[in-house]
Amino acid sequence: MNPFPREQKSPLSITLTIGGSLFLVFGLLLAFTNPNQKKYELFATEQLITYAKENICNATSNNLEQVIKSQVCNLMIDTGKSQVPTLIGKTTQRRNYLLLSIYETNLYLYNFTTIGLLNQFYVIGFEKVYQE
């Protein structure tokens, strides 16, 4: 016979304990997988080069002038590729919220807003500042 009565835990306290533990684990997961500025610069460089080649350097017709402009544009991008991370680093503001980061990049004619979360990046805003 046990002189101390066994304490019964209520379903609410069990639920709160499990929920709190999951919340803590998920918070730690987010904190440890919050990507840094260097990873963002690599991501943004890749995205910017892809965007430029697909949208800016594309020839709009098959005439010789358009084809040459397209080739020169692609050559310029390939030549200056190593300088793009530096440019992005200088024009990006990072707001670190421990669990995630928000990156705002202002590249003269374009503004990008990106969220870094779980070692991934999600572009949530894209604005073309200058309209032709």
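Summary of the structure given here. (Residues numbered from 1 in each chain as written. Predicted model: local features only at pLDDT ≥ 70, side-chain atom pairs only at ≥ 80, totals over all residues. Heavy atoms only, no water.)

### Section: the overall build of the protein chain
Scanning the protein chain for helices and strands turns up 4 helices and 4 strands. The N-to-C order of helical and strand elements in the protein chain reads α-α-α-α-β-β-β-β. Scaling as 2.2 N^0.38, a compact globule of 132 residues should have a C-alpha radius of gyration of about 14 Å, whereas the protein chain reaches 25 Å, well beyond that. Dimensions along the principal axes, computed over C-alpha positions, put the protein chain at roughly 100 × 30 × 25 Å. Burial statistics for the protein chain: of 132 residues in total, 25% are counted as buried. (Helix = DSSP H or I, 4+ residues; strand = E, 2+ residues; numbered from the N terminus. Rg over C-alpha atoms; globule rule 2.2 N^0.38 Å. Buried < 20%, exposed > 50% of the residue type's maximum accessible area, 1.4 Å probe, protein only.)

### A few points about the packing of aromatic side chains
Following the criterion strictly, the structure yields 10 aromatic pairs and no others. For the ring pair Tyr 40 and Tyr 103, a centre distance of 4.3 Å and an interplane angle of 5° mean the geometry is stacked. With Tyr 40 in helix α2 (residues 37-56) and Tyr 103 in strand β2 (residues 101-107), this residue pair connects regions lying 63 residues apart in the sequence. Overall, the relative accessible area of 0% leaves Tyr 103 in the buried class. An aromatic cluster is present here, built from Tyr 40, Phe 43, Tyr 103 and Phe 121 joined pairwise through their rings. (Phe/Tyr/Trp six-rings, centres within 6.5 Å; stacked < 30°, edge-to-face > 60°.)

### A few points about the environment of Leu 28
Along the chain, Leu 28 turns up in helix α1 (residues 11-32). Relative accessible area serves as the criterion here: at 44%, Leu 28 is assigned to the partly exposed category.

### Re unusual backbone geometry
Positive phi, normally seen in glycine, also occurs at Tyr 108, with a value near 55°. Here Tyr 108 is to be found in the loop between β2 and β3 (110-117). For Tyr 108, a relative accessible area of 65% puts it in the exposed group. With a phi close to 55°, Leu 118 is a non-glycine residue in the positive phi region. Residue placement: Leu 118 occurs in the loop between β3 and β4 (120-128).

### Re the nonpolar core
Grouped together as the largest cluster of nonpolar side chains are 7 residues: Tyr 40, Phe 43, Ala 44, Val 84, Ile 88, Tyr 103 and Phe 121. For this core, the secondary-structure elements that each account for two or more residues are α2 and α4 (84-90). Excluding residues within four positions of it along the chain, Phe 43 makes contact with Thr 114, Phe 121 and Val 123. Ala 52, Cys 57, Cys 73 and Ile 77 belong to the second largest nonpolar core, which has 5 residues in total. (Core = buried A, V, L, I, M, F, W, Y, C linked by side-chain atoms within 4.5 Å. Contact = heavy atoms within 4.5 Å.)

### With respect to the environment of Thr 91
Mapped onto the secondary structure, Thr 91 falls in the loop between α4 and β1 (92-96). With relative accessibility at 16%, the residue Thr 91 sits in the buried group. Apart from the residues lying within four places of it in its own chain, the contact partners of Thr 91 are Glu 104, Thr 105, Asn 106 and Leu 107. In this structure the side chain of Thr 91 is engaged in a polar contact, spanning 2.9 Å, whose partner is the backbone oxygen of Leu 87. (Polar contact = N/O pair within 3.5 Å; in protein donor to acceptor, adjacent residues only side chain to side chain.)

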